[in-house]
Amino acid sequence: MTTKIRTRFAPSPTGFLHIGGARTTLYNWLYARRHKGDFILRIEDTDEVRSTDDSVTAILDSVKWLGLDWDEGPKDGKTDTGPYSPYFQMQRVPVYRKYLDQLVAEGKAYRCYCTKDELDEFRRVAQLEKRPPRYPGKCRALSAAQRQELEAQGKKFSIRFKMPVDGATIVDDAIRGKVSFENNLQQDLVIWKTTDGPTYNFCCVIDDHLMGMTHVVRGDEHLSNTPSQIQIYYALGWTPPKFAHLSMILGPDGSKLSKRHGATSVLEYRDQGYLPHTMRNYLALLGWSNTESQQLFTDEDLISKFDLEGCQKSPATFDTVKLNWMNGEYIRQTPVKELIELAKPFLEKAGLWGAKGPALERVIALEHEKYKLLSEIPTLIEFFYKPVVFDPKAFEKVLKAPGAKDVLLGLADALQELTPFEEKPLEARIRQFVTEKGLKNGQVFHPIRVATTGRTEGPTLFLMLEIMGKDMVVSRLKDAAGKL
Ligand code: GLU
């Protein structure tokens, strides 16, 4: 029987879910879905100072918005579901304490009484001597009597894991291959803090083991933690999972992606009007590719093709132009009814949801080809529902042109008589008007557009007029003429 694949996303709730975290979530999800395994969400809230409930909520909202469902983990900010519950690390402290006691009893971890000042000093000297700033092991070999004495003085202690002093730890990484770390360059990591709480590196190992993770796919900033984590597995008599460390994401200027490059939080992308499907597809390609260099994927396609072998070792560059292109593609592929649902928050915010006027479905369909972001939709269609706001330049140039007023009034009369008020008859009647008056197309088409929309650019003219309907068109032509 083969083992069921189990992957996880294990965020520390110390901020929003950023693009890198979203990609990690996606890859874990894709891998689990591809292999009919389980995808688990676990909240690593051991940093009591920086972890916040708001961050948990923002992360859960982000993962949900991305459309990545989890099989086990939080139901909301406090409760969870699954056979290994709880999935919030601070609710699991007794579990960690048990393994801590075991390591200490076996002499694989020790109490360290060094103060912050002493540790700072070690670091300073190491820096001066150009050595890695690792803990020099001062408390590693204290006797029971020495410990008692220090504790009698009221000294507080943390607990450090004893790294082997010689040899190397090999991380057999699914993306990077075998990476060797010399043990004598590794820290004796603090696994339990002076404040009497566990640390990330310790909890992560215990949970990944107890929760049956087969694969740990995460950002490469954690590669350097992995040798210590592997040694903790060994010390507890466990087999480590398979690791895969994803390459860094860079901004267009080649530096690590950050706020300077624009939005980094997933919810900002939501609020800017990207589709969840775009984000899934785009992020999948940010560090992974398949042999055919395919760009557009359905979810089924992605699930069936995603593998860790296709993940790149070198950094990936975030490219907003490609992201926008892809979003436009997916907006075009989305049926109008669905698009309206997706655009609902933007339409509501603009006061266009449920507004009196032409059917939203027809209006939105009119410029379906053009939208790159959902957030652009309200601006492009608002003149169907709100009083015309004239672009001052267009008003000056087009409506104040000689003869424009007569054109508007003449057209208002002509169109008042037109039935049916539909695209083809509208075109025929307006062209006839052009000929009758001996004008050029532009002398008529431009004033109509500006009078009815306030703008010089917009949807295809005659169909737009049909959708506006006779009453709106005629009254707008008259109103504009009245302003001249
Ligand atoms: N809690 C860690 C973080 O948010 C995750 C580390 C891991 O995936 O092992 O960076």
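For the structure, see preceding data.
Every chain's residues receive numbers from 1 upward, in the order its sequence appears when written. Confidence filtering applies because this is a predicted model: local features only for residues at pLDDT of at least 70, side-chain atom pairs given and counted only at 80 or more, and all residues used for totals across whole chains, interfaces and linings. Side-chain numbers come from the whole structure's heavy atoms, not from hydrogens or water.

**Section: the nonpolar core**
I364, I381, F384, L415 and I430 are the most contacted members of the largest nonpolar core, which totals 104 residues. Tallying contributions element by element places helix α1 (residues 19–34) first for this core, with 8 residues. Residues count as neighbours in contact if any of their non-hydrogen atoms are within 4.5 Å of one another. Sequence-distant contacts of I364, defined by excluding residues within four places in its chain, comprise V336, L339, I340, L347, Y371, I377 and I381. For our purposes a nonpolar core is just a set of buried Ala, Val, Leu, Ile, Met, Phe, Trp, Tyr and Cys residues, chained together by side-chain atoms within 4.5 Å. Buried means the residue's accessible area, taken with a 1.4 Å probe over protein chains only, is under 20% of the maximum for its type, while exposed means over 50%, and partly exposed covers the values in between. Core analysis: the second largest hydrophobic core is formed by 26 residues, Y96, I191, V205 and I230 among them. Here a strand is any run of E in DSSP of at least two residues, a helix any run of H or I of at least four, and the numbering for each starts at the N terminus.

**Re the site of the ligand**
R8, A10, P11, S12, E44, Y200, C204, R218 and H222 make up every residue found near the ligand. Each polar contact in these results corresponds to two N or O atoms within 3.5 Å; when the atoms are within protein, one needs to be able to donate a hydrogen and the other to accept it, and residues that are neighboring in sequence are counted only if both atoms are side-chain atoms. Contact between the ligand and S12: a nitrogen atom at 2.8 Å from a side-chain N or O atom of the residue. Here an oxygen atom of the ligand sits 2.8 Å away from a polar atom, N or O, in the side chain of R218. In isolation the ligand exposes 300 Å². Once the protein is present, 81% of that is buried. In terms of residue class, the shell around the ligand is built from 4 nonpolar, 2 polar and 3 charged. Here, proximity means that at least one heavy atom of the residue falls within 4 Å of the molecule or strand. For the accessible areas, the method is Shrake-Rupley and the probe is 1.4 Å, while residue cover comes only from the protein chains on display. Classes in brief: Ala, Val, Leu, Ile, Met, Phe, Trp, Tyr, Cys and Pro nonpolar; Asp, Glu, Lys and Arg charged; the others, Gly included, polar.

**Brief notes about the pairing of strand β7 (residues 168–173)**
By the alternation rule, side chains of β7 split into T169, V171 and D173, which are all buried, and A168, I170 and D172, of which none is buried. Whether two strands pair comes down to DSSP finding at least two bridges between them. Of the pairings in the sheet, the one linking β7 to strand β8 (residues 177–182) comprises 6 bridges and is antiparallel in character. Bridged to A168 within β8 is E182. The turn linking β7 back onto β8 is made up of 3 residues.

**Let's talk about the packing of α1 against helix α9 (residues 276–284)**
Inter-axis angles, ranging from 0 to 180 degrees, are taken between N-to-C directions of lines fitted to C-alpha atoms, where helices are fitted over the stretch in contact. Axis separation between α1 and α9 bottoms out at 9 Å; the angle between their running directions is 85°. One element, α1, and the other, α9, form an angle in the roughly perpendicular class. Residues I19, A22, R23, L26, Y27 and L30 of α1 pack against M279, R280, L283 and A284 of α9. Taken together, the residues of the contact of α1 with α9 break down into 8 nonpolar, no polar and 2 charged. Small angles under 35 degrees read as roughly parallel and large ones over 145 as roughly antiparallel, with 65 to 115 read as roughly perpendicular and the rest as oblique.

**Side note on the pairing of strand β10 (residues 215–219)**
With 5 of its 5 residues buried, β10 lies for the most part within the structure. A crossover gets the label right-handed when its path from the first strand over the helix to the second runs clockwise, viewed with the strands pointing away from the viewer. Handedness of the β-α-β unit built from β10, helix α7 (residues 226–235) and strand β11 (residues 242–246) comes out right-handed.

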